Amino acid sequence: MSSKSESSQCVRVCQNTSCRKLGAKKVLAAFQTLPIAGVDVEESRCLGQCGNGPMVLVLPEQIWYCRVLPEEVDAIATRHLLGGQPISSMLYRKFHPEISS
Ligand code: FES
């Protein structure tokens, strides 16, 4: 069924040094320009995956995205947060090893 509900999800965008050097500030800003009902967007401290950023973590499902570009945020919002379908090709394989391509 539709995932559209008040169920609260949280998007954490790492804003620590390594991710910021890789553009995390713009990624955070892109999420903040797309307010989605029931989804909180938060800055995060280091998520422990430096060098693979900008890192984005979606809770409570614990879906990780790595090397996120600002222009990819719209797709995450539309397909994953609104549509309930994480984007396989963008997932962080270290934590999603089932993704093979
Ligand atoms: S700085 Fe983002 S994961 Fe460490």
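Starting afresh in each chain, residues are numbered from 1 along the sequence in its written order. Side-chain atom pairs in this predicted model are given and counted only at pLDDT of 80 or more, local residue features only at pLDDT of at least 70, and totals for whole chains, interfaces and linings cover all residues. Side-chain numbers come from the whole structure's heavy atoms, not from hydrogens or water.

What follows is about the sheet that holds strand E3 (residues 56-59). Paired strands, as defined in this entry, are two strands with at least two bridges between them according to DSSP. Helix and strand labels come from DSSP, where a helix needs a run of H or I of at least four residues and a strand needs a run of E of at least two; each type is numbered from the N terminus. Ordered in space as E2-E1-E3-E4, the four strands form an open sheet in which the pairing is mixed. At either margin of the open sheet sits one strand with a lone partner, and together these are strand E2 (39-44) and strand E4 (63-65). On average, adjacent strands in this sheet sit at an angle of 20° to one another, irrespective of strand direction. Two strands pair when backbone bridges link them, and strand E1 (residues 9-14) and E2 are joined in this way by six bridges, in the parallel orientation. Residue Arg12 lies in a different strand from E2, and its bridge partner there is Glu42. We call two residues contacting when some pair of their heavy atoms lies within 4.5 Å. Where helices are involved, their axes are fitted lines through C-alpha atoms of the stretch in contact, as for all axes, and angles between N-to-C directions lie from 0 to 180°. Along the sheet, helix H2 (residues 24-32) makes contact with E1, E2 and E3, crossing E1 at roughly 155°.

By convention here, two paired aromatic rings are described through the distance between centres and the angle between planes. Centre distance within 6.5 Å is the pairing criterion for rings of Phe, Tyr and Trp, where only the six-membered ring of Trp is used; planes under 30 degrees apart are then read as stacked, over 60 as edge-to-face, and the remainder as tilted. Summed over all chains, the structure comprises three aromatic pairs. Here Trp64 and Tyr92 contribute two aromatic rings whose centre-to-centre distance is 6.4 Å and whose plane-to-plane angle is 50°, an arrangement assigned as tilted. Remark: Tyr92 occurs in the segment after helix H3 (73-82) and Trp64 occurs in strand E4; sequence separation between them is 28 residues. As far as the burial class goes, Trp64 and Tyr92 line up, both buried. Between the aromatic rings of Tyr92 and Phe95, the centroid separation amounts to 5.3 Å while the plane-to-plane angle is 85°, which identifies the pairing as edge-to-face. Taking relative accessible area as the criterion, Tyr92 reaches 6% and is therefore assigned buried. Taken together, the ring pairs connect Trp64, Tyr92 and Phe95 into an aromatic cluster. Relative accessibility thresholds used throughout: buried, under 20% of the residue-type maximum; exposed, over 50%; partly exposed, between the two (1.4 Å probe, protein chains only).

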